[in-house]
Amino acid sequence: MRVPLGAVIGRFPFPSTSNGDQNQNLEMGDVIRHDRKCRDVPFLVLFIAFGVALVVNSCFGFFKGNPLRLTHGLDYKGNVCGDKNGSPNLRGIGVRYWVNPNQVFESGFKGDEIRLSMAQWVTRDYDYFSLLTPDMRKSSLQLLGPCYPVLFPTVNVLWSCEFMTRKSNVSLDQWHLMGGQTVDDGMKLDKTVHKSINSQSSVTKRYVADIGKAWPVLIVCGGLIPLVLSVAWLAMIQRLVAAMTWITVVLFDILIISVTVFFYLKAGWIGNDAISPIIGKHDPYDHVSGREQGHLHFVAVLMTIIMAVAILSSIAIARRIVMATSVLKVASKIIGEVRALIIFPVMPYALLAIFYMIWISATLYLLSSGEVVRDRCNANCCAYDLKLKQVNCERCCGHTIHYTPHIGLAILFHIFGFYWVTQFVKAFSSTVITGSVASHYWAHGEVLQEISFLPILSSVKRLVRYNIGSVAIGSLIVSFVESSSRILKPLRRKLMVVDVRTHDRVGKALSVSSHYALVCVEWIIRSVNHNAYIMIAITGESFFTASAMATDLIKSNILRIGKVNVIGNVILFLGKLCVSLAGALFAFLMLDTHAYKSAHNKVSSPLIPVLVCWGLGFVVATLFFAVVEVSIDTIILSYCQDSEEHRGTTQYATPLLLQPLDEQVEMDRHEQ
């Protein structure tokens, strides 16, 4: 759909004034400020209502959750190990220990003679056998309580005592010498405990907990380092345009190789710095592996493939780098004249930083907001209660955390909120930048007096007043497609497994094709939205009208702008990857320190914190690199519209922009 932009290029006359120069400035100043109306208001109302619901949903998590549940187990009373708010205070007692049910029988002793507080019990290294009377010691040796022996050596595996069954067991021999009752070798218990620690749900909970423990790493490597590097890249692109394209490509290759090597180190395939699930000092002959190491092996192989493809691709685009440099020069010229463009991304960066900190905290609480429910069991089991100073047979069957269906819905809603708010802030930032750059283009590349004073604030004012609803609907569409793609991935994998087992080639082909179709749809919607934001800033139209206008312009000028725009975007994409990869590399270095290898702050694996830092770094880089990326796309779309309105001859394009575009047209015609 083609809509004449008369107000944009001066096709329709503006009210005249006595001062000719003032009239010219007014006409050019009205390039962006022509008659506008409020657009897509219902979607703005929807976004505000969604934000209120997201706050209420997060408050539910803060009220019901306890992040310690993600890594530490429950005792027989249902208290979380290590929780200072437990009854009694369990701070410092954060290791879960499984008692063999075959070793605990009903005790007929009240144990009134024992007077031992929790603090005294901890001081005595959790031993009160010496305080028992002779009769109670004899009862304990018969596994009738109140004391029960630790007959098998254990090791602290991620805050859980895992049994290390060996042929030579000194504790078991000593037990027999004392006249203790014969017990099983514990192999079955050993396997059961290991299976519980390495279950998929347990590993997922530990991964989520790693994010909470590594929050300083996320702030430094996911926020501050990408901020500094992004600003540095923008500052250097103004002065070293030709060199920065080559520097970006070379630096990208170095960083992706470095990150891949670190994955190999932590996976144990290079050196001896592999991750270990064992906490604290332990016998060097004890080897315990878990799912975390297997996941690192998979990611290391995946990174190897990505590294090979990335390096070959960077070599392939070497011939086109000069073309990208020409377009980047135009963007750097605008950034140099409208200097506020470099500073403006700090505002959306600060908004997202605050949102991410609250969102991650709410995520930890939501994922741990289940109800502690006492297990039902028919076995007759009892345990000595240190607080009641007597045997208690009511709570010895244990407790589990029960997750209700509404918690799952709350988590899905919370995840969707992450996508929508992120896309909304990014779209807001891009549209504001577009308004400033478009003002520059339609003023013949000159900074007019009327729009040169704080053009960013003028663009923000126009967007908030007229088109904030258009940004809401655009970001909603992208968020819906993106979140649906992430949610459907696990389901697609399960379907592929079923297809392989049943040898259904048609089903497998449909599963794979649907995946790539969804990826294509996601890419198309992202591209259409990006161009729609540009036309919204220029014309003030609604989202769907602006999308149609942008699509029509690109279809009509695909030969003129296609390769130039693609190569420029590739260089910018490599720049974003450089910034985010640098954050991931520093995250590996920070997580390799003693602070994150100790018992309290130990992360189960560096995988998730590193990937989160990588993702956060990419978002930060996107906010700042949008200054260049959006500037290029805005100039090209404005160039196309200018050319369409003047029958193929542009009136407002600068010579610096005309050269690469005209050269590309001639090159394409010559090749044809």
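Starting from 1, residues in each chain are numbered consecutively following that chain's sequence as written. The predicted origin of the model limits local features to residues at a pLDDT of at least 70 and limits the giving and counting of side-chain atom pairs to 80 or more, whereas totals for whole chains, interfaces and linings rest on all residues. Values reported for side chains reflect all heavy atoms of the structure, with hydrogen atoms and water molecules removed beforehand.

## Some remarks on the overall build of the chain
What counts is decided by this rule: By definition, any uninterrupted DSSP run of H or I lasting at least four residues is a helix, any uninterrupted run of E lasting at least two residues is a strand, and each is numbered from the N terminus. Relative accessibility thresholds used throughout: buried, under 20% of the residue-type maximum; exposed, over 50%; partly exposed, between the two (1.4 Å probe, protein chains only). The contact rule is simple, with two residues in contact once any of their heavy atoms fall within 4.5 Å. In this description, accessible areas are obtained by the Shrake-Rupley approach with a 1.4 Å probe, and a residue is regarded as covered only by the protein chains that are shown.
Helix and strand counts for the chain come out as 22 helices and 7 strands. The proportion of buried residues among the 672 residues of the chain is 50%. By sequence separation, contacts in the chain at least 24 residues apart represent 78% of the contacts at least 6 residues apart. For the chain, the exposed area adds up to about 33,400 Å²; of that, 63% sits on carbon and sulfur atoms.

## Focus: the packing of helix H8 (residues 200-213) against helix H11 (residues 291-316)
To keep things clear, this is the line we draw: To define axes, lines are fitted to C-alpha atoms, for helices over the stretch in contact only, and angles between the resulting N-to-C directions are given on a 0 to 180 degree scale. Oblique is the label for every angle not falling under 35 degrees (roughly parallel), over 145 degrees (roughly antiparallel), or within 65 to 115 degrees (roughly perpendicular). The classification used treats Ala, Val, Leu, Ile, Met, Phe, Trp, Tyr, Cys and Pro as nonpolar, Asp, Glu, Lys and Arg as charged, and all other residues, Gly among them, as polar.
At a minimum axis distance of 10 Å, the contact between H8 and H11 shows a crossing angle of 75 degrees. One finds that H8 runs roughly perpendicular with respect to H11. When H8 is examined against H11, the residues Gln-200, Val-203, Arg-206 and Tyr-207 are found in contact with a partner set consisting of Arg-291, Glu-292 and His-295. Per-class residue counts for the contact of H8 with H11 are 2 nonpolar, 2 polar and 3 charged.

## Details of the packing of aromatic side chains
Basically, it comes down to this: Pairing of aromatic rings covers Phe, Tyr and Trp, the last through its six-membered ring, and needs centres within 6.5 Å; plane angles under 30 degrees mean stacked, over 60 mean edge-to-face, and all others mean tilted.
Counted under the stated rule, the structure contains 19 aromatic pairs. Taken together, a centroid distance of 5.2 Å and an interplanar angle of 15 degrees make the contact between Phe-262 and Phe-588 stacked. Of this pair, Phe-262 sits in helix H10 (residues 241-267) while Phe-588 sits in helix H20 (residues 558-591), placing them 326 residues apart in sequence. Taken as a pair, Phe-262 and Phe-588 share a single burial class, namely buried. Ring plane angle 55 degrees and centroid distance 6.1 Å describe the contact between Phe-416 and Trp-420, whose orientation is recorded as tilted. Note that Phe-416 and Trp-420 are positioned in helix H15 (residues 405-441) at a spacing of 4 residues, about one turn of the helix. Taken as a pair, Phe-416 and Trp-420 share a single burial class, namely buried. These aromatic residues form a ring-pair network of at least three members: Phe-47, Phe-50, Phe-413, Phe-416, Trp-420 and Phe-424.

## Thoughts on the pattern of salt bridges
Note the following rule: When a carboxyl oxygen of Asp or Glu is within 4 Å of a side-chain nitrogen of Lys or Arg, the pair counts as a salt bridge.
Tallied over the full model, the rule gives 7 salt bridges. Measuring nitrogen to oxygen at the nearest pair gives 3.8 Å for the salt bridge that ties Glu-541 to Arg-39. Of the two residues, Glu-541 is situated in the loop between helix H18 (505-539) and helix H19 (543-556) and Arg-39 in the loop between helix H2 (20-29) and helix H3 (41-64); the sequence distance between them amounts to 502 residues. Using a relative accessible area of 24% as the deciding quantity, one classes Arg-39 as partly exposed. The shortest N-O distance in the salt bridge between Lys-597 and Asp-592 comes to 3.1 Å. Here Lys-597 falls in the partly exposed class, since its relative accessible area comes to 38%.

## Here's the deal with the environment of Arg-206
For the record, the criterion: By the criterion applied in these results, polar contacts are pairs of N or O atoms within 3.5 Å in which, for protein atoms, one can donate a hydrogen and the other can accept it, and in which residues neighboring in sequence qualify only through two side-chain atoms.
Topologically, Arg-206 is positioned in helix H8. For the pair Arg-206 and Leu-68, spaced 138 residues apart in sequence, the C-alpha separation works out to 9.9 Å. With sequence-adjacent residues up to four places away left out, Arg-206 is seen in contact with Leu-70, Thr-71, Leu-158, Ile-197, Asn-198, Glu-292 and Ser-604. Polar side-chain contacts of Arg-206 include one of 2.9 Å to the side chain of Glu-292.

## Overview of the side chain of Ser-542
When you line up the elements, Ser-542 lands in the loop between H18 and H19. Taking relative accessible area as the criterion, Ser-542 reaches 15% and is therefore assigned buried. Apart from residues no more than four positions distant in its own chain, Ser-542 is found in contact with Arg-39, Asp-40, Ser-470 and Ile-536.

## Section: the UniProt feature "transmembrane region" (unreviewed entry) in the chain
Using the following cut-off: UniProt positions are given in the numbering used here, feature names are shortened, and annotations may be inferred rather than shown by experiment.
Within this structure's numbering, the places UniProt gives as "transmembrane region" (unreviewed entry) are residues 43-63, 214-236, 243-265, 296-317, 338-359, 566-588 and 608-628. Within the segment residues 338-359, helix and strand shares are 82% and 0% respectively, and the terminal C-alpha atoms sit 34 Å apart. Segment residues 608-628 splits into 100% helix and 0% strand. End C-alpha atoms: 30 Å apart.

## Details of unusual backbone geometry
With a phi close to 50 degrees, Asp-40 is a non-glycine residue in the positive phi region. Tracing the backbone through its elements, the reader meets Asp-40 in the loop between H2 and H3. Non-glycine residue Trp-159 carries a positive phi angle of around 65 degrees. Tracing the backbone through its elements, the reader meets Trp-159 in the loop between strand E2 (154-156) and strand E3 (160-163).

## Notes on the sheet that holds strand E1 (residues 96-97)
Note on sheets: strands pair through backbone hydrogen bonds, and any given pair is parallel or antiparallel. Put simply, the rule reads: Think of it this way: DSSP has to see at least two bridges between two strands before they count as a pair.
Spatially, the 3 strands line up as an open sheet ordered E1-E3-E2, and their pairing is mixed. One side of each edge strand has no neighbouring strand; the edge strands of this open sheet are E1 and E2. The sheet contact formed by E2 and E3 spans 3 bridges and is antiparallel. Each residue of the ladder has a partner; that of Thr-154, found in E3, is Phe-163.

## Quick notes on the environment of Ser-470
Positionally, Ser-470 belongs in helix H17 (residues 455-502). Ser-470 has contacts with Arg-39, Asp-40, Ile-536, Glu-541, Ser-542 and Phe-543, leaving out every residue within four places of it along the chain. Among the polar contacts listed, one links the side chain of Ser-470 to the side chain of Asp-40, at a separation of 2.6 Å.

## Looking at the pairing of E3
The side chains of a regular strand alternate between the sheet's two faces. The alternating pattern of E3 places Ser-160 and Glu-162 on one face and Cys-161 and Phe-163 on the opposite face, and all of these are buried. Where E1 and E3 come together, 2 bridges link them in parallel fashion. Within E3, the residue paired with Arg-96 across the bridge is Ser-160. Joining the antiparallel neighbours E2 and E3 is a turn of 3 residues, in which Leu-158 adopts a positive phi near 50 degrees.

## Here we look at the nonpolar core
Heads up, the rule is: Only buried Ala, Val, Leu, Ile, Met, Phe, Trp, Tyr and Cys residues count toward a nonpolar core, and they belong to the same one when joined by side-chain atoms within 4.5 Å.
Phe-263, Leu-341 and Val-628 are the most contacted members of the largest nonpolar core, which totals 116 residues. When residues of this core are assigned to their parent elements, the largest contribution, 22 residues, is made by helix H21 (residues 607-645). Contact partners of Val-628, with chain neighbours within four places excluded, come to Trp-233, Leu-234, Leu-328, Ala-331, Ile-335 and Leu-572. Counting 17 residues, the second-largest nonpolar core is a separate cluster that includes Leu-151, Trp-175, Val-193 and Ile-279.

## Side note on the side chain of Asn-57
Topologically, Asn-57 is positioned in helix H3. At a separation of 3.0 Å, a polar atom in the side chain of Asn-57 contacts the main-chain carbonyl oxygen of Ala-410. Excluding residues that lie within four positions of it along the chain, Asn-57 makes contacts with Leu-366, Ala-410, Phe-413 and His-414.

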